[in-house]
2 protein chains.
Amino acid sequence: MARAKQLRSVKTRERLLGCAREIVSDSGFADLRVEQVVTAGGVAKGTFFAHFSDKDALMDILIGERVDALLDDLDAVGGFRSIAHVVESIMPLLSFLSSERYVFDIFLRLSGALAVEKVGAIAKAICRYDRILVQKLKGGPFRQDISAELQSEGIQAFSVSSVALSLCTEHGDKTLRDRLAIQLQAWLSPKQMPDRDM
Amino acid sequence: MARAKQLRSVKTRERLLGCAREIVSDSGFADLRVEQVVTAGGVAKGTFFAHFSDKDALMDILIGERVDALLDDLDAVGGFRSIAHVVESIMPLLSFLSSERYVFDIFLRLSGALAVEKVGAIAKAICRYDRILVQKLKGGPFRQDISAELQSEGIQAFSVSSVALSLCTEHGDKTLRDRLAIQLQAWLSPKQMPDRDM
DNA sequence: CCAGATTATTGACCGCGGTCAACATAGGGG
DNA sequence: CCCCTATGTTGACCGCGGTCAATAATCTGG
C-alpha cells in the first residue's frame, strides 16, 4: 500500500527549488552546480537526486516555469493582427531562450516528451505555446490555404532556427527579430500567384 | 619562430581519429569514451587533449565528415524538380541526424561558428549544405516571391524541427518524411491567392 | 655531435554529475 | 507504547571529461 508523501519531504523539495531559483537569479542557469544547491539547502547530495531524477529535471522545472510565465503574457494579448504583431508577441520568449546558450540547449533537449509518461514542464509549456499560437492565428489576416496548426508549426520552426543562429553569431535581439520577421512574412503571407499547378 | 608540426604528432592524431572512427562504427557516437580512444591508440589521456580541444571537437570532425559525405550524394542529384524530390534528396542527411539523439545534440551545438576563427567541420558542412540547397532551388518549380536563399533557410528550419520531433516521439523516418513533406509543400508552393494586401 | 630551444607526451589530479548501501525518521496497527 | 514497515536522508564512492607541471622526444644552429 502506497503511503502518502511526508511533509518533511515536500518541504525539502521546496527548499531545494527555492535555493536553486536564488542561485539562478544570482549567477544564471549555466553556472548552477548541484553541490551549490544542496549546500544552500543544508542537505546531502543524495537527497537532491531523491527529489530530482537528474540536474536536467531541475532545469526543466526552473526553465519551464519561466517559459510558462512568459506564456501568460503572450496569452494576454489579443488575436494576431499582423506579422509584426506576431513577432513582437513572441520576442520576449525568444529573448529568454537566447539569453544563455545553456538555456536553449536544455530547452531543445527537453522540448519533447522522451516517454509518454515523463512529460516535463518544458514539454508541457510547448504544448501550451502551440495551443496559444493556434488560437491567436485563427481568423488572423494570414494565408488561408493552410491550417492554423500548420502555421503554428512553422512559427515554432523559424523561431528555433532564429534563436539558434542568434546564439552562434553572437548578435543581439535585433538580428533575431529582423530575420524572424522576414521569414514569418514569407511563411504567413506568401505573395505568390499560384500560376502553375505544382 | 614557429616550428613545423612534427611527423610523430600528425601520426598520433590520425591514429586517434582512426581509433575513434572504429569505436563509433562499433558502438555508436554516444557511447564513445575518451579513455577508450586513448587506450586503443596507446597514448595517455593528456595526449588526446593536446590534439583536440575537447571531446566535442573530435565529434565535430567525425560527424562533420559523415555529413560531408552525405552532401556529396546530395550534390550529385540535379536541380530540384518537386517537393517530393527535395524531401527524398535530403532524407539521408536527416536520417543520419536522427539516428542518435547525441548526434543531433552535437550537430545543433556546433552548427554555428562560436567564434569567427574556430569554424568547425559541422559549421563548414552546414554552409556547404546551404550553398547546395540554394543552387538546386534556383530555377526550381517553386514560389517566385522569395529568394532561393530564403527558401533554403526555411528548408533548414523545417528539417531541424522535424528531426527534433522525430527524436522525441520515437517514431521512425516515415513520420519525419511525411511531416516534412507537408511543411515544405506549404513553404515552397503556397496556394494562396494574395487577395488582401497584408 | 653536442647544447639549448620547441614540441609532444605523460599520468596524477580535479570538478562535477550521479549512485547506492547504510542509516534515520516518520506513521500505523497490535 | 513499541515494533514494523515505508519513506527520507546521508556521504563515501564512481565515471568521465578535462588540466597541468614534469618529462621525453625532436629539431636546429654552432
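Residues numbered from 1 in each chain as written. Chains lettered and ligands numbered in written order. Predicted model: local features only at pLDDT ≥ 70, side-chain atom pairs only at ≥ 80, totals over all residues. Heavy atoms only, no water.

Participant: I'd like a description of the interface of chain B and chain A, backed by residues and values.
Facilitator: Tallying the contact residues gives 38 residues for chain B and 38 residues for chain A. For the pair chain B and chain A, the summed buried area comes to about 3300 Å², and 61% of that belongs to carbon and sulfur atoms. Our count for the chain B to chain A interface comes out at zero salt bridges. At the surface where chain B touches chain A, the tally comes to six residue pairs in polar contact (both at pLDDT 80 or more). At the level of elements, α6 (101-109), α8 (148-169) and α9 (173-188) of chain B are the ones that each hand at least two residues to the side of chain B that touches chain A. Of the residues contributing to the side of chain B that touches chain A, the split by class is 18 nonpolar, nine polar and eleven charged. (Contact = heavy atoms within 4.5 Å. Buried area = accessible area lost by both parts, 1.4 Å probe. Salt bridge = Lys/Arg side-chain N within 4 Å of Asp/Glu carboxyl O. Polar contact = N/O pair within 3.5 Å; in protein donor to acceptor, adjacent residues only side chain to side chain. Helix = DSSP H or I, 4+ residues; strand = E, 2+ residues; numbered from the N terminus. Nonpolar A, V, L, I, M, F, W, Y, C, P; charged D, E, K, R; others polar.)

Participant: Mind laying out the domain arrangement of chain A, listing which residues take part and the relevant values?
Facilitator: Residues and elements named next belong to chain A. Domain boundaries in chain A define domain 1 (7-52) and domain 2 (54-188). Using only C-alpha atoms to locate each centre, domain 1 and domain 2 end up separated by 28 Å. Taken over both partners, the interface formed by domain 1 and domain 2 buries close to 1200 Å², and the fraction arising from carbon and sulfur atoms is 75%. Our count for the contact surface shared by domain 1 and domain 2 stands at one salt bridge. Its salt-bridge partner being Arg21, residue Glu65 comes within 2.6 Å of it at the nearest N-O pair. The interface formed by domain 1 and domain 2 includes five residue pairs in polar contact (both at pLDDT 80 or more). (Domains from an automatic or database assignment.)

Participant: Residue-level account of the pattern of salt bridges, with values.
Facilitator: A complete count under the given rule lists 22 salt bridges over all chains for this structure. Two residues, Arg143 of chain A and Asp145 of chain A, come together in a salt bridge whose shortest N-O distance is 2.8 Å. Its relative accessible area of 30% is what places Asp145 of chain A among the partly exposed residues. Asp56 of chain B serves as the salt-bridge partner of Arg109 of chain B, at 2.7 Å between the closest nitrogen and oxygen. Taken together, the positions of Arg109 of chain B in helix α6 and Asp56 of chain B in helix α4 (residues 55-76) put the pair 53 residues apart, joining distant regions of the chain. The structure contains a network of salt bridges with shared partners spanning Asp68, Asp72, Asp75, Arg128 and Lys136 of chain A. (Buried < 20%, exposed > 50% of the residue type's maximum accessible area, 1.4 Å probe, protein only.)

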